[in-house]
Structure formats: C-alpha cells, structure tokens
Amino acid sequence: MLKPVRHLMGAGSSLALTALLVAAARFIPDLWFSFYTGFSRRAIGAIGAFTARVPLCVWECLAGALVAAGLISLIVCLKKRRFLSWLTGLLELVCLLVFLFVGLWGLNHFAPPLSEQLGMEVGQYTQQQLADAGTYYARMASLYAAQMERDEAGDLALPEFARQSELAV
C-alpha cells in the first residue's frame, strides 16, 4: 500500500511544479520570458539535434513503446492484483510528462505575441486586401522562379541551409 502513496505524492509534486511554472509565466511574464525563451530554444534544439540523427520518427516510436509497456505492465499488475499501484503509477507518469511538456515548450503559449517582439503592427484586413496580397505574392514567386538556378532535372539547385542563412543576413 506504500507504493500508491509514493506515486500520488510524485504526481502531486509534478502538478504543483507545473502550476508554479504556469503562474510564473502568467503573473511575471517580463522576468520569466527574459530567460525562459532562450532556455526553451536550447532545450528543444538539443532534443532536435539528438533525434535528427535517428532515421525514424522518434515521437511515434516512443509513443508506441509507451503504449506497449503500459499494456504489458497492466497485464502483469492484474495477475499480481496490484491494480491500484499500476493506476497511481500511470497517473504519476502522465503528470511527469505534462510537467516536462509545459517546462520545455508549453509555457511559450504565455509569451508575448511575436508581433510585439518584432515590433510589427497587427491590424484587420478585408478579404479583397488578402486576395490582392495573395495574387501579388503568387506573381512575384512566378517572376523569381524563372531566375532561380536549376539542376539538370529542372529542380531548384539551392545551396546548403547554413550557406543560405549566411546570405540572408
């Protein structure tokens, strides 16, 4: 009976920490986002650099493995008659995953709008203005497409992304 209590304490701790993170992001956004945005970018970048080396969709593999492990552990716990322990362990895992999601990426939903960060004006536009803008950009894309370098197959011959980003600056 001690294990379910430990699981519930872990779940409660994860939920309390998640609530603290959300409260900090909502009530002291200037202080919070002065460092969180950079942290979040580095953390997601590190995860992306690690998972980019794997030729599979890591998220799908992890989700499948998690479901399989959950089903196997459910069968084992039912045989041993420890369903309460399994259920509270599942609750603890879900709460931990929510904490990780919110801590690594989810708080960006509370960040100031991108338009504010970039100093852009946001306004209302009519349907005709949007249609005119779409027509203009389609015309410009067609114009510049003819000027782009192409390979022997007719596909765009673009330099590596790193080189393109140097040219853009």
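Data block above holds the structure.
Residues numbered from 1 in each chain as written. Predicted model: local features only at pLDDT ≥ 70, side-chain atom pairs only at ≥ 80, totals over all residues. Heavy atoms only, no water.

**Focus: the overall build of the protein**
The helix and strand inventory of the protein stands at eight helices and zero strands. Here the protein has a C-alpha radius of gyration of 24 Å; the compact-globule value for 169 residues is 15 Å, and the former is much larger. Along the three orthogonal principal directions, the C-alpha set of the protein runs to about 70 × 45 × 35 Å. Going through the 169 residues of the protein one by one, you find that 15% of them count as buried. Put simply, 72% of the contacts in the protein that link residues at least 6 apart link residues at least 24 apart. Total accessible area on the protein is roughly 13500 Å²; 68% of this is exposed by carbon and sulfur atoms. (Helix = DSSP H or I, 4+ residues; strand = E, 2+ residues; numbered from the N terminus. Rg over C-alpha atoms; globule rule 2.2 N^0.38 Å. Buried < 20%, exposed > 50% of the residue type's maximum accessible area, 1.4 Å probe, protein only. Contact = heavy atoms within 4.5 Å. Areas by Shrake-Rupley, 256 points an atom, 1.4 Å probe, with all protein chains shown as cover.)

**Details of helix α4 (residues 58–80)**
With 23 residues, α4 should reach 33 Å at 1.5 Å per residue; the first-to-last C-alpha distance of 32 Å fits that figure. Among the residues trailing α4, Arg81 stands out with phi positive, at a value near 60°. (Expected span 1.5 Å × (residues − 1).)

**Overview of the state of the cysteines**
As enumerated under the stated definition, the model contains zero disulfides in all. Free of any disulfide, Cys57 has its nearest neighbouring cysteine sulfur in Cys61, separated by 6.8 Å. The exposure class assigned to Cys57 is partly exposed, which follows from its relative accessible area of 38%. You can call Cys61 partly exposed: its relative accessible area is 40%. (Disulfide = S-S within 2.5 Å.)

**A closer look at the packing of helix α1 (residues 2–27) against helix α5 (residues 83–104)**
Across the interface, α1 lies against α5 with an axial gap of 8 Å and an inter-helix angle of 20°. The orientation of α1 relative to α5 falls into the category roughly parallel. Seen from above, α1 lies across α5 with left-handed handedness. Across the contact of α1 with α5, the residue classes tally to 14 nonpolar, eight polar and three charged. (Axes fitted to C-alpha atoms, helices over the stretch in contact; angles between N-to-C directions. Parallel < 35°, antiparallel > 145°, perpendicular 65-115°, else oblique. Left-handed = near helix turned anticlockwise from the far one by under 90°. Nonpolar A, V, L, I, M, F, W, Y, C, P; charged D, E, K, R; others polar.)

**Topic: the side chain of Ser85**
You can see Ser85 is positioned in helix α5. Filtering out sequence-adjacent residues up to four positions away, Ser85 remains in contact with Lys3, Pro4 and His7.

**Digging into the packing of α4 against α5**
Packing of α4 against α5 brings their axes to within 9 Å, and their N-to-C directions diverge by 160°. Comparing their axes, α5 and α4 come out roughly antiparallel. Here α4 contributes Leu66, Gly70, Ser73, Leu74, Cys77 and Leu78 to the contact with α5, which in turn contributes Phe83, Trp86, Leu93 and Leu97. Of the residues assigned to the contact of α4 with α5, the class counts are eight nonpolar, two polar and no charged.

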